[in-house]
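Here is what each chain is made of, one letter per residue.
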Amino acid sequence: MASADFSPLLEPFQAGALALDNRVVMAPLTRSRSNPEGVPPSFAADYYAQRASAGLVISEATNISAQARGYDYTPGIWTDAQVASWRSVTDAVHRAGGLMLLQLWHTGRLSHPDLQPDKALPVSASAIRPRGQAFTAAGMKDYVTPRALDADEIDAVVEDYRHATLQSRKAGFDGVEIHSANNYLLEQFVRDSTNTRTDQYGGSIANRLRFPLKVVRAVVSAWEPGRVGIRISPVTPQPGGAALDSDVMATYGAYVSALSEFGLAYLHLVEGTTIGPRDVPQGIDLRALRRRFRGPYMANNGYTVQAGAAAIRQGNADLISFGRMYLANPDLVARIRQGGPFAPEAPKDTWYGGGREGYADWPALPKAA
Ligand SMILES: Cc1cc2nc3c(=O)[nH]c(=O)nc-3n(C[C@H](O)[C@H](O)[C@H](O)COP(=O)(O)O)c2cc1C
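Residues numbered from 1 in each chain as written. Predicted model: local features only at pLDDT ≥ 70, side-chain atom pairs only at ≥ 80, totals over all residues. Heavy atoms only, no water.

Let us now look at the site of the ligand. Near the ligand, the surroundings consist of 19 residues, among which Thr30, Arg231, Asn300, Gly302 and Arg324 are the closest. With respect to the ligand, the backbone of proline 28 contributes an N or O atom lying 2.8 Å from an oxygen atom. Within the contact set of the ligand, an oxygen atom lies 3.1 Å away from a backbone nitrogen or oxygen of alanine 61. Contact with the protein chains covers 96% of the free accessible surface of the ligand, which is 610 Å². Counting atoms within 2 Å of the grid points, the majority share of the ligand lands in the largest pocket. Looking at side-chain class alone, the shell around the ligand contains eight nonpolar, nine polar and two charged residues. (Near = heavy atom within 4 Å. Polar contact = N/O pair within 3.5 Å; in protein donor to acceptor, adjacent residues only side chain to side chain. Areas by Shrake-Rupley, 256 points an atom, 1.4 Å probe, with all protein chains shown as cover. 1 Å grid on protein atoms, 1.4 Å probe; cavity = no way out; pocket = protein on both sides within 12 Å on 5 of 7 lines; lining within 4 Å. Sits in = over half its atoms within 2 Å of the grid points. Nonpolar A, V, L, I, M, F, W, Y, C, P; charged D, E, K, R; others polar.)

The subject of this paragraph is the pattern of salt bridges. Inspection of every chain in the model, using the stated rule, returns 16 salt bridges. As a salt-bridge pair, arginine 69 and aspartate 72 come within 3.3 Å of each other at their nearest N and O atoms. For aspartate 72, a relative accessible area of 7% puts it in the buried group. As a salt-bridge pair, aspartate 114 and lysine 141 come within 2.5 Å of each other at their nearest N and O atoms. Of this pair, aspartate 114 sits in the loop between strand S5 (100–105) and strand S6 (123–124) while lysine 141 sits in strand S8 (residues 139–142), and the two are 27 residues apart along the sequence. Lysine 141 sits in the partly exposed class, given a relative accessible area of 28%. Members of the salt-bridge network, linked through shared partners, are Asp114, Lys119 and Lys141. (Salt bridge = Lys/Arg side-chain N within 4 Å of Asp/Glu carboxyl O. Buried < 20%, exposed > 50% of the residue type's maximum accessible area, 1.4 Å probe, protein only. Helix = DSSP H or I, 4+ residues; strand = E, 2+ residues; numbered from the N terminus.)

A word on the side chain of histidine 179. Its place among the elements puts histidine 179 in strand S10 (residues 175–180). The exposure class assigned to histidine 179 is buried, which follows from its relative accessible area of 4%. Discounting residues that sit within four places of it in the chain, histidine 179 has contacts with Ala61, Gln103, Leu104, Trp105, Tyr184, Leu186 and Arg231. (Contact = heavy atoms within 4.5 Å.)

Okay, the layout of surface pockets next. Quantified by volume, the largest pocket comes out at close to 1000 Å³. Lining the largest pocket are 41 residues; nearest its centre among them are Leu29, Thr274, Ile275, Trp351 and Tyr352. Secondary structure elements with two or more residues in the lining of the largest pocket: S5, strand S7 (133–136), strand S14 (319–322) and helix H9 (324–328). Of all the elements, H9 adds the most residues to the lining of the largest pocket, at three residues. (Points joined across faces, edges and corners; volume = space filled by probe spheres on them.)

Let us now look at helix H2 (residues 80–95). In this model H2 runs 22 Å from its N-terminal to its C-terminal C-alpha over 16 residues, within 8% of the 22 Å that 1.5 Å per residue would give. Next to the buried residues of H2 lie helix H1 (44–50), strand S4 (56–63), S5 and helix H3 (154–170). After H2 finishes, the residue glycine 97 shows a positive phi value of roughly 90 degrees. (Expected span 1.5 Å × (residues − 1).)

Turning to the sheet that holds strand S12 (residues 266–270), a few remarks are in order. Read around the closed barrel, eight strands run S3-S4-S5-S10-S11-S12-S13-S14, paired in parallel fashion. Taken over all neighbouring pairs, the strand axes of this sheet differ in orientation by 25 degrees on average, direction set aside. Docked against the sheet, helix H6 (residues 248–259) engages S10, strand S11 (228–232) and S12, running at close to 175 degrees with respect to S11. (Pairing = 2+ DSSP bridges. Axes fitted to C-alpha atoms, helices over the stretch in contact; angles between N-to-C directions.)

So, about the nonpolar core. By size, the foremost hydrophobic cluster in this structure holds 87 residues, and its most contacted members are Tyr48 and Phe211. Sequence-distant contacts of tyrosine 48, defined by excluding residues within four places in its chain, comprise Met26, Val57, Ile58, Ser59, Glu60, Trp86, Val89, Val93, Met100 and Tyr359. (Core = buried A, V, L, I, M, F, W, Y, C linked by side-chain atoms within 4.5 Å.)

The sheet contact formed by S7 and S8 spans four bridges and is antiparallel. From the neighbouring strand, phenylalanine 135 faces S8, where its bridge partner is methionine 140. What sits between S7 and S8 in their antiparallel hairpin is a turn of two residues.

With 18 residues, helix H5 (residues 205–222) should reach 26 Å at 1.5 Å per residue; the first-to-last C-alpha distance of 26 Å fits that figure. Along H5, the largest kink reaches about 40 degrees and is centred on phenylalanine 211; proline proline 212 follows within four residues of it. Within H5, the full set of buried residues consists of Asn207, Arg208, Leu209, Phe211, Pro212, Leu213, Val215, Val216, Ala218, Val219, Val220 and Ala222. Where H5 is buried, its residues touch S5, H3, S10, helix H4 (185–190), S11 and H6. (Bend = angle between axes of the 7 residues up to and from the residue.)

Counting buried positions along S10 gives six out of six residues, so the element sits mostly inside the fold. Residues of S10 alternate between two faces, with Gly175, Glu177 and His179 on one and Val176, Ile178 and Ser180 on the opposite face, all of them buried. Pairing of S5 with S10 involves four bridges; the strand directions are parallel. Note on S10: the bridge partner recorded for leucine 102 is valine 176. Here S10 runs beside S11; their pairing, made up of five bridges, is parallel. If you follow valine 176 over to S11, its bridge partner there is valine 228.

Now the structure itself:
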């Protein structure tokens, strides 16, 4: 395979205020190696710096508050200790010449009382129980029926997003990505399968979008919009076995159109089922959805290097984010430049939890003579 085939991935790109050296993005990847206080380990700095040749590195999903937690050993950004540890990560990425965003996360109903302050019920748009199990320190536990947030509690959650954005600035990130994908809290409000509220946050599309758009407004009040991206996943049922919205094109169409007004750095879209098939149900046209966004488009899900280069060449994407490829190919950009080879997918038992092994110890290719 001639490396020239991959060359579109190696062109520089300006996304909002972010000047990327190339079109290759490290997708957000939860690795569950933080301590119980949500502080990333010291070797996270090595892991991320090894991947800093990506045009942009997006952090693993990071809890905006104690209530946001849905998985043990995931990092946070609401305490000073968390900020201090993230600072060593961003310093290392910057020293290696990279750019890094923090992914802002609230898991909503995809949590468990064991992970919540005072063993409280997780919160969501509505009291609808997800299918499946939560990852807790005591092992996998069945999800519970969450508590619907009261309308007068919602502004406090919006404030948590604003605070987390300010904390991300303090930690030295170059911006943030709002995690509105994979059926976490924001998407729980967007979809009518998980939002059956009858107040101003439920019912009509405009009402279901009210909370997510308040969050976007709060985040861009704390940092310039050109440093804020957003991730959506209109057709993924996972995790939690969430049904799709009853009218994906209308609901997400309105969402993407509204997002387009903020002048964000990019729209990041998971095409198909996250970490699964790229198929979309009949009648859903992801390309038509994303065209409603007047700004950079970052495509994700199941892209090979070849498919990513072709998508850029054909004008179907500006940026490609790679997830699983980044687990075992820290120097993915150098490998693309050389035309490969690429390491096979990292074994699943290294994905979540553990230490440096299977995380910060994947070798780069020997430097070409
Ligand atoms: C180990 C692992 C952890 C992930 N963690 C996150 C995450 O924290 N936030 C997120 O939005 N997506 C997460 N994802 C989804 C990836 O960002 C990406 O959408 C998915 O892997 C599909 O892209 P790929 O085919 O290039 O791997 C994760 C995927 C994997 C494999």
